[in-house]
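Observations on chain architecture
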Amino acid sequence: MFSTLAVEGLFLLGFLFLTMFGAGIYRGTAGTQEDNGRNRLLLSYFSTCAKNSDTDGAVTLYEDAAGQVLSFADAGSGYAVRVYRQEGKLLEDYAPEGSPLAPGGATVIGETEIFQVDRIGKRTFRVTTDAGSVDFTLRAGAEYER
């Protein structure tokens, strides 16, 4: 009888150990997956904005008091989505083109200590953040580059 209880106790302890071990593995896997998704979202954001604003001269890069500003103009409306970094956050604001940046009313896209935009071709940009870098090429105006 004692040996039966001992075996049952060992099985119970083994089951509890496996449950705790499995929960820890799941927590780590879910956290890694969440970080990966957040990084991919941050980088794909720029490609999506470029596709939505792919008209001649709609994407501009300029310097402001906040640093580099990547602007995606909305053709015909006179408004633009402006992306810039301030205090470790990547911000997006939607305002009339040429108006001053308004960080207080901006939407936080993500957190990053790095926001570097390079124009690496006539229509190609490279955006670098903590999550990595992404290149995008605008199609508008390509017919004039021969």
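For the structure itself, look to the data block above.
Residues numbered from 1 in each chain as written. Predicted model: local features only at pLDDT ≥ 70, side-chain atom pairs only at ≥ 80, totals over all residues. Heavy atoms only, no water.

A look at the sheet that holds strand 8 (residues 132-137)
Taken in spatial order, the three strands make up an open sheet running 6-7-8, and their pairing is antiparallel. The sheet terminates laterally at strand 6 (115-119) and strand 8, the two strands that pair on one side only. Across the sheet, the axes of successive neighbouring strands diverge by a mean angle of 15°, strand direction being ignored. Taken together, the five bridges between strand 6 and strand 7 (residues 124-129) define a ladder with antiparallel strand orientation. From the neighbouring strand, Asp118 faces strand 7, where its bridge partner is Arg126. (Pairing = 2+ DSSP bridges. Helix = DSSP H or I, 4+ residues; strand = E, 2+ residues; numbered from the N terminus. Axes fitted to C-alpha atoms, helices over the stretch in contact; angles between N-to-C directions.)

Regarding the packing of aromatic side chains
For any pair of aromatic rings, geometry is given as the distance between the ring centres together with the angle between the planes. This structure, assessed with the given rule, holds six aromatic pairs. With a centroid separation of 6.1 Å and an interplanar angle of 25°, the aromatic rings of Phe46 and Phe115 are classed as stacked. Of this pair, Phe46 sits in helix 1 (residues 2-52) while Phe115 is found in strand 6, placing the two residues 69 residues apart along the sequence. Judged by relative accessible area, Phe115 falls into the buried class, the value being 10%. Ring plane angle 20° and centroid distance 5.4 Å describe the contact between Phe125 and Phe136, whose orientation is recorded as stacked. One end of the pair, Phe125, is in strand 7; the other, Phe136, is in strand 8, and eleven residues separate them in sequence. (Phe/Tyr/Trp six-rings, centres within 6.5 Å; stacked < 30°, edge-to-face > 60°. Buried < 20%, exposed > 50% of the residue type's maximum accessible area, 1.4 Å probe, protein only.)

Let's talk about the sheet that holds strand 1 (residues 59-64)
Within a sheet, neighbouring strands are paired by backbone hydrogen bonds and run either parallel or antiparallel to one another. Reading across from one edge, 1-2-3-4-5 is the order of the five strands in this open sheet, with antiparallel pairing throughout. Pairing within the sheet leaves two strands with one partner each, and these edge strands are strand 1 and strand 5 (107-111). Strand-to-strand twist of the sheet, defined as the mean angle between neighbouring strand axes without regard to direction, takes the value 25°. For strand 1 and strand 2 (residues 67-73), the ladder comprises six bridges, and the chain directions are antiparallel.

Some thoughts on the pairing of strand 2
Along strand 2, seven of the seven residues are buried, which leaves the element largely enclosed by surrounding structure. Counted along the chain from strand 1 to the antiparallel partner strand 2, the turn is two residues long. Alignment of strand 2 against strand 3 (residues 79-86), held across four bridges, turns out to be antiparallel. Residue pairing in the sheet places Phe72 in a bridge with Val81 of strand 3. Hairpin geometry of strand 2 and strand 3 is characterised by an intervening segment of five residues between the two adjacent antiparallel strands and by a positive phi of about 95° at Gly76.

Structural notes on the pairing of strand 3
One ladder, built from eight bridges, connects strand 3 with strand 4 (residues 89-96); its direction is antiparallel. Across the sheet, the residue bridging to Gln86 is Lys89, located in strand 4. Taking the residues between adjacent antiparallel strands as the criterion, strand 3 and strand 4 are bridged by two residues, where Glu87 takes a positive phi near 55°.

Thoughts on the pattern of salt bridges
It is possible for side chains of opposite charge to pair when their charged atoms get near one another. All chains considered together, the criterion is met by two salt bridges. The salt bridge partner of Arg82 is Asp93, with a shortest N-O separation of 2.8 Å. With Arg82 in strand 3 and Asp93 in strand 4, the pair connects residues that are eleven residues apart, well separated along the chain. On the basis of relative accessible area, Arg82 is assigned to the buried category, the value being 1%. (Salt bridge = Lys/Arg side-chain N within 4 Å of Asp/Glu carboxyl O.)

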